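Coordinate analysis (summary)
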Amino acid sequence: MTHDHIFKMTRRGLLYAVLIISSLIMAFPLLFGAAGSIASSNDYARTPWFPIPYHPSFLNYYLALGGTNTIQSGNTVKHVSALDTPSGDVPRWALNTLLRAGWYIIIPAISAVMAGYVFAKMHFRGRDGVFVYLLSSMMLPGIVYLVPTFVMMARFPLAGGNSILGQGGSGFINQWPALLITGLVNVYFIFMFRQTLLGIPIDFEEAARVDGANTLQCIFEIYLPMLMPTITVLIIFQFVAIWNDYMWPLFVSAGNPYIYTISLGFQYLSAAGNALKGLPASTTDYPFTFALATVSIAPLILLFFIMQRYFVEGVQGFAIKG
Amino acid sequence: MIDATAHDVSTMHPSEALSPRERFKRWRYRNRQALEGWGILTPILVYYSIFFLFPVVSVLYLSFTRWSGLSGAPVWVGLENFHKLLTVPTYTQVIGNTILFAVSILIIQTVLAFFVALLLNAKIRGRGLYRAAWYIPTLTSAAIMAQVASVFIAPSDGVIMTIRAQQGLPPIIFYTQVDLMRLVIIIYSVWRGVGGPMILYLAALQGIHPEFYEAAQVDGATGPQLLRYITLPLVMPMTIFVLITGIIGTAQIFESVMFLSKGGPANLTNVLLLEIYQDAFSNMSIGLASAEAVLLGVGLLAFSLFNIRIMTRGRVGE
């Protein structure tokens, strides 16, 4: 072996060492949580630097998802479940979040594909003015107008006991419409579809028009199949965004446990582990918190591993394809 | 576009008599694209005006008023809210904290993302796995993971406290030490934020033709020189993109502060979004919360405009 060889080998070894150690550091909170979630409360306390599940059990998951625990203290036997109160209903929150994600995929996708078609393929006076008007929303992050949007939800005419002037009731606050009504037109997506459509020649549409297809048929039967990669990116991004959405649900639904989403509901149940396991009220049962957190974030991690290519291309597409 | 010549009326003499019905049909045919276009755009425009334009105009108006949001009408107070925000120490502290967090998180995560992308761009086995480890934190819920992170720094039974207790070391009370709390918030935010820019840098690096490096190596350039004179200039457009989109994101820091420090100790880690939330919902000062939102929007306006320009010009990082 030459000096050069040894130098190169050392460099590669060093590269792998840095990669592996840094990746482990990044994954540490998630690994810690996953290991802690299957540890018994005693195991968890034994090795504080990293919980080693000597007695692995899925009790915490069972309890987090609403399973019933039987607690015996002295002569009294109690049956407790997270489902005893509405602010512990993880399956319902998951369903709520899925419904909301489906809605925020379908409606913005339809509106963005149609608007994208108009801006890419149709020509008429006023079109570019509208485009600039829509683009202007990107000048301000959504948070800037969140408070008046909240007030609008609370003062929505004729909703939730409100008069026609929006007075007297609570509007859409703590009701489903507040979670579904905003953000249905997404200018990023309109722009994305416009860009993709600009790259598709008009020939396909012309051939279909000769065969008697109208505009809607052209959009949904000719172009839509060709837009599938962009739509996949939209689905992934909306799903992640809605699954993790915290601030808006906190604003408009914190008073109604029946419409909690996963990200919002977590905080109301995460400290309930001690009660569910019959531990003293003064303690916090972290293994339960970890199980709840793992349940809440696992769907996205699974989705990432299944569709890794689209995640990476999607993030890069925003910057590169624009 | 296709034009059925059979219906083409342009050659017809205008004086030729046509029934109004026929004239309408021809007008409709001539303007069919505009009609269909407006048909699609009108609902979108109406929706957009209700849920974007109206709230934006409202927030501007409300920022000059005092209003509890519960009852009564907003009372015009002119610049009082803005004057308060820019002079009262409580609020200037919040603005300063937001800038401190936004800039330090942005710089650390961008530099880190660049070097990690460099490592991942090398010929290595199992790239997908390392990439996943660095990207997955970005996908986790900021609210949930901040609550998980708070387990590490909890005062009596937190992970770090338990380890110190076992080693016989005195406890650290994170919540009372501002520098430690800031550090925890920054580390957490970088942990969650580094994945996006890392993926973007990786794309930029993969777009660099190997010939550039080969040519430079022939001329005797060393590793650091390659980095300085080839890699860095070629990823510059991506760096600009990552910094501009990044600052818009890091300035909106919220969940980490809400769950890790609640703005404490003594307001020293409080940030604008948390202050907006508290003012709007706990303090019932819709006017002040609106002014804070307007301030944030104005502060980010230049970056947002630049962002739109990058997007509409297209093709960053090539």
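Reading guide: rules and limits
Residues numbered from 1 in each chain as written. Chains lettered and ligands numbered in written order. Predicted model: local features only at pLDDT ≥ 70, side-chain atom pairs only at ≥ 80, totals over all residues. Heavy atoms only, no water. Helix = DSSP H or I, 4+ residues; strand = E, 2+ residues; numbered from the N terminus. Contact = heavy atoms within 4.5 Å. Lys, Arg positive; Asp, Glu negative; His and termini not counted. Charge placed at Lys NZ, Arg CZ, Asp CG, Glu CD. Rg over C-alpha atoms; globule rule 2.2 N^0.38 Å. Buried < 20%, exposed > 50% of the residue type's maximum accessible area, 1.4 Å probe, protein only. Areas by Shrake-Rupley, 256 points an atom, 1.4 Å probe, with all protein chains shown as cover. Buried area = accessible area lost by both parts, 1.4 Å probe. Salt bridge = Lys/Arg side-chain N within 4 Å of Asp/Glu carboxyl O. Polar contact = N/O pair within 3.5 Å; in protein donor to acceptor, adjacent residues only side chain to side chain. Pairing = 2+ DSSP bridges. Domains from an automatic or database assignment. Core = buried A, V, L, I, M, F, W, Y, C linked by side-chain atoms within 4.5 Å. Patch = residues over 30% accessible without salt bridge, like charges linked within 9 Å, V, L, I, M, F, W, Y side chains within 5 Å. Phe/Tyr/Trp six-rings, centres within 6.5 Å; stacked < 30°, edge-to-face > 60°. Lys NZ or Arg CZ within 6 Å of the ring centre and 35° of its normal. Axes fitted to C-alpha atoms, helices over the stretch in contact; angles between N-to-C directions. Parallel < 35°, antiparallel > 145°, perpendicular 65-115°, else oblique. Left-handed = near helix turned anticlockwise from the far one by under 90°. Nonpolar A, V, L, I, M, F, W, Y, C, P; charged D, E, K, R; others polar.

**Let's talk about the overall build of chain B**
A tally of helices and strands in chain B yields 15 helices and two strands. In terms of its C-alpha atoms, chain B occupies a principal-axis envelope of roughly 105 × 75 × 30 Å. Considering only intrachain contacts with a sequence separation of at least 6, the fraction spanning at least 24 residues in chain B is 65%. Side-chain charges in chain B split into 21 positive and 16 negative, and the spacing between the mean points of these groups amounts to 3 Å.

**Some words on the overall build of chain A**
Regarding its fold elements, chain A presents 16 helices and two strands. Taking 322 residues into account, the globule formula puts the C-alpha radius of gyration at 20 Å, and chain A, at 26 Å, lies well above it. C-alpha extents for chain A along the principal axes are approximately 85 × 80 × 40 Å. Relative to its 322 residues, chain A shows a buried fraction of 52%. For chain A, contacts bridging at least 24 residues in sequence account for 60% of all contacts bridging at least 6. Carbon together with sulfur atoms contributes 68% to the accessible area of chain A, which is approximately 14500 Å² in total. Across chain A, 16 positive and 13 negative side-chain charges occur, with their mean positions spaced 7 Å apart.

**Considerations on the interface of chain B and chain A**
Taken together, the contact between chain B and chain A spans 93 residues of the former and 94 residues of the latter. With both sides pooled, the region where chain B packs onto chain A buries about 8400 Å², and carbon together with sulfur makes up 77% of that total. For the chain B face of the interface with chain A, the top three residues by lost area are Tyr48, Leu139 and Met311 of chain B, together amounting to 8%. Summed over the shared surface of chain B and chain A, the number is zero salt bridges.

**Details of the side chain of Arg182 of chain B**
Residue and element names in this part refer to chain B. Structurally, Arg182 can be placed in helix H8 (residues 178–193). Although buried, Arg182 forms no salt bridge, and the nearest oppositely charged side chain, Asp179, lies 4.5 Å from it. In terms of polar contacts, Arg182 uses its side chain to reach the backbone carbonyl oxygen of Leu268, at 2.9 Å. Those residues in contact with Arg182, other than ones at most four positions away along the chain, are Gln93, Asn97, Leu100, Phe101, Leu268 and Thr269.

**Regarding the pairing of strand E2 (residues 76–81) of chain A**
Residues and elements named next belong to chain A. Two elements, strand E1 (residues 68–73) and E2, share six bridges in a ladder whose sense is antiparallel. By the bridge assignment, Asn69 is partnered in E2 with Val80. Between E1 and E2, which pair antiparallel and follow one another directly, the connecting turn spans two residues, one of which, Gly74, has a positive phi of 65 degrees.

**Considering the environment of Ala293 of chain A**
Take Ala293 of chain A: it is sitting in helix H15 (residues 286–306). Judged by relative accessible area, which is 4%, Ala293 of chain A ranks as buried. Residues Ala293 of chain A and Ala64 of chain A, 229 residues apart in the sequence, show an inter-C-alpha distance of 9.4 Å. Excluding its chain neighbours within four sequence positions, the residues that come into contact with Ala293 of chain A are Phe266 of chain A together with Ile144 and Val148 of chain B.

**Focus on the domain arrangement of chain B**
Looking at the assigned domains, one finds that chain B contains domain 1 (5–62) and domain 2 (80–313). Each of domain 1 of chain B and domain 2 of chain B has a C-alpha centre, and these two points are 46 Å apart.

**Details of the nonpolar core**
Of all hydrophobic cores here, the largest spans 190 residues; its most connected members are Leu134, Met153 and Val252 of chain A together with Phe254 of chain B. The element that contributes the greatest number of residues to this core is helix H4 (residues 90–121) of chain A, accounting for 14 residues. Split by domain, this core shows at least three residues from each of two domains, domain 1 (5–62) and domain 2 (80–313) of chain B. In this view, Phe254 of chain B contacts Tyr246, Met247 and Leu250 of chain A together with Leu273, Leu274 and Tyr277 of chain B; residues no more than four positions away in its chain are not counted.

**Observations regarding a positive patch on the surface**
Taken together, the side chains of Lys8, Arg11 and Arg12 of chain A together with Lys123 and Arg125 of chain B present a region of like positive charge at the surface. Relative to the helices and strands, Lys123 of chain B is located in the loop between helix H4 (89–121) and helix H5 (127–139). Residue Lys123 of chain B is classed as exposed on the basis of its relative accessible area, which comes to 74%.

**Looking at the environment of Glu292 of chain B**
Residue and element names in this part refer to chain B. Mapped onto the elements of the fold, Glu292 is located in helix H15 (residues 286–313). Among the residues examined, Glu292 registers a relative accessible area of 0% and is labelled buried. Sequence separation between Glu292 and Ile95 is 197 residues, and the spatial gap between their C-alpha atoms is 9.1 Å. Every residue in contact with Glu292, bar those within four places of it in the chain, is listed here: Leu85, Tyr91, Leu272, Glu275, Ile276 and Asp279.

**A look at the pattern of salt bridges**
Residue and element names in this part refer to chain A. Enumeration according to the criterion identifies eight salt bridges over all chains in this entry. Its salt-bridge partner being Asp285, residue Lys277 comes within 2.6 Å of it at the nearest N-O pair. Overall, the relative accessible area of 4% leaves Asp285 in the buried class.

**So, the packing of aromatic side chains**
What describes a pair of aromatic rings is the distance from one ring centre to the other and the angle between the planes of the rings. By the definition in use, this model includes 42 aromatic pairs over all chains. Seen in terms of ring centroids, Phe304 of chain A and Phe305 of chain A are 5.7 Å apart; in terms of plane orientation they differ by 70 degrees. Their pairing is edge-to-face. Residue classification places Phe305 of chain A among the partly exposed positions, given a relative accessible area of 42%. A network of ring pairs unites the aromatic residues Phe28, Phe32, Tyr44, Trp49, Phe50, Tyr286 and Phe290 of chain A together with Phe152 of chain B as a single cluster. Above the ring of Tyr29 of chain B, the side-chain terminus of Arg32 of chain B is found at 4.3 Å from the ring centroid. Its guanidinium or amino end placed over the ring of Tyr229 of chain B, Arg228 of chain B lies 4.9 Å from that ring's centre, counting from NZ or CZ.

**Here's the deal with the packing of H4 of chain B against H5 of chain B**
Residues and elements named next belong to chain B. Between H4 and H5, the shortest axis-to-axis distance is 10 Å and the interhelical angle comes to 165 degrees. Between H4 and H5, the crossing angle belongs to the class labelled roughly antiparallel. The handedness of the crossing between H4 and H5 comes out as right-handed. Between H4 and H5, the residues in contact are Leu112, Val116, Leu120 and Asn121 and Arg127, Tyr130, Arg131 and Trp134, respectively. Split by residue class, the contact of H4 with H5 holds five nonpolar, one polar and two charged.

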